[in-house]
Amino acid sequence: MIKPRVVYAPDTDSLGIFLSDHPGTEAEEVAENFIVTYDDDNNIVGIEILSGVRQLFAELLEKASQSVLVPASKG
């Protein structure tokens with residue numbers, strides 16, 4: 001099992017997550033600017049976000065910071 005590799009390209013604000021050393025043989029745009037790459041056995045070997053990565057993560061962090069945390073009861 002390989003360790004996933006994450007590559008960020010600041011010039012295009014894109015992100016690639018590579019789950020295998022095996023090359024992909026087919027790619028599919030599953031949502032706008034979101035590409036999934038498959039190998040011959042239809043396993044996911046890569047995920048790419050083609051633009052807007054900074055904005056996406058800023059929004060995720062904003063939502064996470066607004067989460068309400070309930071303190072553990074003391075007792």
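See the structure printed just above.
Because the structure is predicted, anything quoted here is derived from the model rather than measured. (Residues numbered from 1 in each chain as written. Predicted model: local features only at pLDDT ≥ 70, side-chain atom pairs only at ≥ 80, totals over all residues. Heavy atoms only, no water.)

S.K.: I would appreciate a short explanation of the sheet that holds strand β3 (residues 26-31) in the present structure.
M.R.: Across a sheet, strands are paired by hydrogen bonds formed along the backbone, either parallel or antiparallel in direction. A sheet is described by the order of its strands in space; here five strands give the open sequence β1-β2-β5-β4-β3, paired in antiparallel fashion. Of all strands in the sheet, those bounded by a partner on one side alone are β1 (5-9) and β3. Going across the sheet, the axis of each strand differs from the next one's by a mean of 20°, ignoring polarity. (Pairing = 2+ DSSP bridges. Helix = DSSP H or I, 4+ residues; strand = E, 2+ residues; numbered from the N terminus. Axes fitted to C-alpha atoms, helices over the stretch in contact; angles between N-to-C directions.)

S.K.: Hey, could you run me through unusual backbone geometry in this one?
M.R.: Glycine aside, a negative phi is what most residues show, and trans is what most peptide bonds show. Here D13, not a glycine, exhibits a phi torsion of approximately 55°, which is positive. Along the chain, the position of D13 falls in the loop between β1 and β2 (14-18). Among the residues examined, D13 registers a relative accessible area of 11% and is labelled buried. Its identity as a non-glycine residue notwithstanding, N33 has a phi of 65°, on the positive side. With respect to the helices and strands, N33 occurs in the loop between β3 and β4 (34-38). On the basis of relative accessible area, N33 is assigned to the partly exposed category, the value being 27%. (Buried < 20%, exposed > 50% of the residue type's maximum accessible area, 1.4 Å probe, protein only.)

This is a description of form; function is not addressed.
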